[in-house]
Amino acid sequence: MILLLRERATPEQLELMLRSHKFYIRTAVDIERRVLVGGGGLHADCEEKLLDDGSRQQDIWAASFMPLTGKMIFESMVNLRPRQNRSMEILNPNIRERVAQLINEFLGNL
């Protein structure tokens, strides 16, 4: 299930987001608006929900999060942008850190 979060996820919400992949959650975050979307089969599904909610493409970044270990993988087709990021992996360390902070704030340590 795909959920749009503006505050920390409850344990029930975390379980819903884990239904698609069991051990990890696909996420997309708007680093300017501080909104996270998690769950679903693809990062693009999360990205679409953020765009529908009013996010700007350049502010959306995707990563996968494993709640049991806290590990994050900053790789997604959503992150591939010729003018902004020339890789599926988030290359800019500042953006990467902002994404990690938001994921931890919304999903970490539950």
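Student: Lay out the overall build of the protein with the relevant residues and their values.
Tutor: Counting its regular elements, the protein contains three helices and five strands. Walking the protein from its N terminus toward its C terminus, one meets helices and strands in the order β-α-β-β-α-β-β-α. Taken against the 2.2 N^0.38 rule, which gives 13 Å for 110 residues, the C-alpha radius of gyration of the protein at 12 Å falls within 12% of a compact globule. Overall, the protein is about 40 × 30 × 20 Å in size when its C-alpha atoms are taken along their principal axes. Residues classed as buried in the protein amount to 44% of the 110 residues present.

Student: I'd like to hear about the side chain of R81, residue by residue, with values.
Tutor: Tracing the chain through its elements places R81 in the loop between β5 (71–73) and α3 (93–107). Among buried Asp, Glu, Lys and Arg side chains, R81 stands out as unpaired, with E47 the closest opposite charge at 5.4 Å. Side-chain polar atoms of R81 contact the backbone oxygen of Q57, separated by 3.4 Å. Other than its neighbours up to four places away in sequence, R81 contacts Q57, Q58, I60, W61 and R86.

Student: Please give an account of a nonpolar patch on the surface that cites residues and values.
Tutor: Together, M77, L80 and M88 give the surface a local cluster of nonpolar side chains, amounting to about 280 Å² of exposed area. By the element assignment, M88 lies in the loop between β5 and α3.

Student: How would you explain the pairing of strand β2 (residues 25–30) if you had to name every residue and give the values?
Tutor: Most of β2 is tucked away, with six of its six residues classed as buried. Side chains I25, T27 and V29 of β2 all project onto a buried face; the interleaved residues R26, A28 and D30 project onto the opposite face, where all are buried too. Two strands pair when backbone bridges link them, and β2 and strand β4 (residues 60–66) are joined in this way by six bridges, in the antiparallel orientation. When the bridges of β4 are listed, R26 appears paired with S64. Alignment of β2 against strand β3 (residues 35–38), held across four bridges, turns out to be antiparallel. Residue pairing for β3: D30 is matched across the bridge by V35.

Student: Summarise the nonpolar core; cite the residues concerned and give the values.
Tutor: If you look at the biggest cluster of nonpolar residues, it comprises 23 residues, and the most contacted ones within it are L5, M17, V99, I103 and L107. Breaking this core down by element, the ones donating at least two residues are β1 (3–5), α1 (11–18), β2, β4 and α3. A total of seven residues in this core trace back to one element, the largest contributor, which is α3. The contact partners of I103, leaving out residues within four places of it in the chain, are T27, V29, L36, A63, F65, M72 and G108.

Student: Just give me the short version of the environment of N79, but keep the residues and values in it.
Tutor: Secondary-structure assignment places N79 in the loop between β5 and α3. Each C-alpha atom, one on N79 and one on G41, is 16 Å from the other, the two residues being 38 residues apart in sequence.

Rules behind the numbers
Residues numbered from 1 in each chain as written. Predicted model: local features only at pLDDT ≥ 70, side-chain atom pairs only at ≥ 80, totals over all residues. Heavy atoms only, no water. Helix = DSSP H or I, 4+ residues; strand = E, 2+ residues; numbered from the N terminus. Rg over C-alpha atoms; globule rule 2.2 N^0.38 Å. Buried < 20%, exposed > 50% of the residue type's maximum accessible area, 1.4 Å probe, protein only. Lys, Arg positive; Asp, Glu negative; His and termini not counted. Salt bridge = Lys/Arg side-chain N within 4 Å of Asp/Glu carboxyl O. Polar contact = N/O pair within 3.5 Å; in protein donor to acceptor, adjacent residues only side chain to side chain. Contact = heavy atoms within 4.5 Å. Patch = residues over 30% accessible without salt bridge, like charges linked within 9 Å, V, L, I, M, F, W, Y side chains within 5 Å. Areas by Shrake-Rupley, 256 points an atom, 1.4 Å probe, with all protein chains shown as cover. Pairing = 2+ DSSP bridges. Core = buried A, V, L, I, M, F, W, Y, C linked by side-chain atoms within 4.5 Å.

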